[in-house]
Amino acid sequence: MKSVRRHVSEPTDIDNVSLIHNHVVRVEVQSDQLVIELANPKGADPKRKPSRSVIEVPWHKTPSTRRREVLIPEAGPPPDTRPIRSENRAILVASIARGRRWLDELIADPAATTESIAGREGCTTRKINMTISLAFLAPDLVKAAIDGRLPLGMGVARLADLSAEWSRPRQMLGLPVL
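Residues numbered from 1 in each chain as written. Predicted model: local features only at pLDDT ≥ 70, side-chain atom pairs only at ≥ 80, totals over all residues. Heavy atoms only, no water.

**Q** Sorry, what's going on with helix 5 (residues 125-133) here?
**A** Working note: α-helix, 3.6 residues per turn, so residues spaced by three or four point in the same direction. Within helix 5, burial applies to Ile128, Thr131 and Ile132. For helix 5, the buried positions fall inside an angular range of 100 degrees around the axis, keeping them on one side. On the buried face of helix 5, the contacting elements are helix 3 (86-108) and helix 4 (114-121). (Buried < 20%, exposed > 50% of the residue type's maximum accessible area, 1.4 Å probe, protein only. Helix = DSSP H or I, 4+ residues; strand = E, 2+ residues; numbered from the N terminus. Arc of directions from axis to C-beta. Contact = heavy atoms within 4.5 Å.)

Given below as structure tokens:
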């Protein structure tokens, strides 16, 4: 808003909605900037070819969730770690299976989308995407989940956010790094 106000010299007492409605034609969101195309000034000659007035504003998307780094002790996990609860293990294993089934559906059916699956399942597209990410867990992590060898606190949400690099989650969970 500040960039548009400065460029069009609009008084600060005009509200943002009016400012956008009167002066902004288009906003293009790029990875490192916003490209704002402005309308021609009101006093411009309508017979002249309109000149394109563009403002480029540096911008970076803020992450939707904060990433938390897990600190790994030098000696590995403590020997007295408690295993995952059986109820959470059952939910996790069922979620992994569901994620694999949905991934297979997306691969096999060109008309299938995460939105269509979400509509059918009665949940959000975000939940579908997070559950599908469980289909990419390292096989030994899946086996550890089935066997109940994951530490307490390792559930669907935590595993869906794990790094895709297979060695990092193994190291974090105290499993041997291949």
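**Q** I keep staring at the nonpolar core and nothing clicks. Help me out?
**A** Proteins that are soluble and globular tend to have nonpolar side chains buried together. In terms of nonpolar packing, the biggest core is built from 14 residues, with Leu92, Ile96, Leu134, Leu137, Ala145, Leu150 and Leu159 touching the most fellow members. Contributing elements (two or more residues each) for this core: helix 3, helix 6 (139-147) and helix 7 (156-160). If you tally residues by element for this core, the top one is helix 6, at 4 residues. Once residues within four sequence positions are removed from consideration, Ile96 is found in contact with Leu134, Leu137, Val142 and Ala145. Of all hydrophobic cores here, the second largest spans 8 residues; its members include Val4, Val24, Ile36 and Val57. (Core = buried A, V, L, I, M, F, W, Y, C linked by side-chain atoms within 4.5 Å.)

**Q** How should I be thinking about the pairing of strand 2 (residues 33-38) in this particular structure?
**A** If a strand is regular, its side chains alternate between the two faces of the sheet. The buried fraction of strand 2 is high, at 6 of 6 residues. In the sheet, strand 2 pairs with strand 3 (residues 53-58) via 6 bridges, with the strands oriented antiparallel. Note that in strand 3 the partner of Gln33 across the bridge is Pro58. (Pairing = 2+ DSSP bridges.)

**Q** Looking at this model, I keep getting lost on the pattern of salt bridges. Mind explaining?
**A** Oppositely charged side chains may form a pair once their charged atoms are brought near each other. A full pass over the atoms with the stated rule returns 4 salt bridges. Where Arg26 meets Glu28, a salt bridge forms, and the shortest distance between an N and an O atom there is 2.7 Å. Its relative accessible area of 28% is what places Glu28 among the partly exposed residues. A salt bridge links Arg120 to Glu105; the shortest N-O distance between them is 2.9 Å. You can see Arg120 sitting in helix 4 and its partner Glu105 sitting in helix 3, a full 15 residues away along the chain. For Glu105, a relative accessible area of 22% puts it in the partly exposed group. Where salt bridges share partners, they join Glu105, Arg120 and Glu121 into one cluster. (Salt bridge = Lys/Arg side-chain N within 4 Å of Asp/Glu carboxyl O.)

**Q** I tried to follow the sheet that holds strand 2 on my own but got confused; where do I start?
**A** Pairing between sheet strands relies on hydrogen bonds along the backbone, with the strands arranged either parallel or antiparallel. An order of 1-2-3 is seen for the 3 strands of this open sheet, with the pairing classed as antiparallel. Whereas interior strands pair on both sides, the edge strands pair on one side only; in this sheet they are strand 1 (24-29) and strand 3. Strand-to-strand twist across the sheet, computed as the mean angle between neighbouring axes with direction ignored, equals 20 degrees. Packed on one face of the sheet, helix 2 (residues 16-23) meets strand 1 and strand 2 and runs near 95 degrees to strand 1. (Axes fitted to C-alpha atoms, helices over the stretch in contact; angles between N-to-C directions.)

**Q** Please clarify how the pairing of strand 1 should be interpreted in this entry.
**A** Bridging between strand 1 and strand 2 involves 5 bridges; their strand directions are antiparallel. Directly across from Arg26, in strand 2, lies its bridge partner Glu37. In textbook terms, the turn of a hairpin is the stretch between consecutive antiparallel strands, and for strand 1 and strand 2 this stretch comprises 3 residues.

**Q** Explanation requested: the environment of Val27 in the structure shown.
**A** By the element assignment, Val27 lies in strand 1. By relative accessible area, Val27 is classed as partly exposed at 44%. Each C-alpha atom, one on Val27 and one on Glu37, is 6.2 Å from the other, the two residues being 10 residues apart in sequence. Residues contacting Val27, with those up to four places away along its chain left out, are Val35 and Ile36.

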